[in-house]
Amino acid sequence: QKTFTDDGHGGGRALPRGMLFAAGDWKSNLAGVLLFDYPDRREALAMVDGYFDQTQELLRNPPDAGRQPTQRDEAANAPAPNLLLSVLVPAHGRVGQLAWRTRTGETALITTVAILRHKAEKGSYPARLEELVDTGFLKQLPDDPFGKGPLSYGRTPDGFLLYSWGEDLQDDGGQQGTGQDGRPRLYANNGDWVFWPISEN
């Protein structure tokens, strides 16, 4: 009520404090001032709903390397429809990033527990992750949201290796990325996310 007038039909024009909410980029904002033409209340609400529908794509569709460009890419690269929403774009991008990190970490933890249970009960680590499904330790293969299928796994002389391709969407063979100090860091964007063996750093 403080940002738009109400024409009784869901419309209404933007009031001065609603200009940032209704205006688009600086060009359309300038044109709106000169032509006295801003989106009305209904159009502004549709603009906001459309923006949040796009941001939902960041949470619904994984950023994996094995898919064709999708609506998620359009959502990630779409400009904000108005000045006010443009302030939220970095925060929403970060939320999507953290959400997929969390999902990947949860999947890796469940998979690690299943691998260790297999070792405890069968006497050896599985040769492939599929064995965990075949033997009932997992209900389904653990997807890597950043790869081209399940999490990457292999047995090693000392145990096993479990990792995600990470945000660079490339398989670096289990080479963990590093932080600015040059030390291995789990969620670095310049290498794989190695969940096992656990880094001492």
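Residues numbered from 1 in each chain as written. Predicted model: local features only at pLDDT ≥ 70, side-chain atom pairs only at ≥ 80, totals over all residues. Heavy atoms only, no water.

Chemist: How should I be thinking about the packing of aromatic side chains in this particular structure?
Modeler: How two aromatic rings sit relative to each other is given by the distance of their centres and the angle of their planes. By the definition in use, this model includes 6 aromatic pairs. Centroid distance phenylalanine 160 to tryptophan 196: 5.3 Å. Interplanar angle 5°. Geometry classified as stacked. Pair noted here: phenylalanine 160 is in strand E2 (residues 159-164) and tryptophan 196 is in strand E3 (residues 193-196), with a separation of 36 residues, a long-range link. The buried category is assigned to phenylalanine 160, whose relative accessible area is 2%. Taken together, the aromatic side chains of Tyr125, Tyr153, Phe160 and Trp196 make up a single cluster linked through ring pairs. Above the ring of tryptophan 100, the side-chain terminus of arginine 103 is found at 4.2 Å from the ring centroid. Cation over ring: lysine 119 sits above tyrosine 125, and NZ or CZ is 5.6 Å from the ring centre. (Phe/Tyr/Trp six-rings, centres within 6.5 Å; stacked < 30°, edge-to-face > 60°. Helix = DSSP H or I, 4+ residues; strand = E, 2+ residues; numbered from the N terminus. Buried < 20%, exposed > 50% of the residue type's maximum accessible area, 1.4 Å probe, protein only. Lys NZ or Arg CZ within 6 Å of the ring centre and 35° of its normal.)

Chemist: Please explain helix H6 (residues 89-122) as it appears in this structure.
Modeler: Taking 1.5 Å of rise per residue, the 34 residues of H6 would be expected to cover 50 Å, and the 49 Å separating its terminal C-alpha atoms lies within 8% of that figure. Note on H6: the residue one or two positions beyond its end, glycine 123, has a positive phi of about 90°. (Expected span 1.5 Å × (residues − 1).)

Fair warning: the whole summary comes from geometry, so function is off the table for now.
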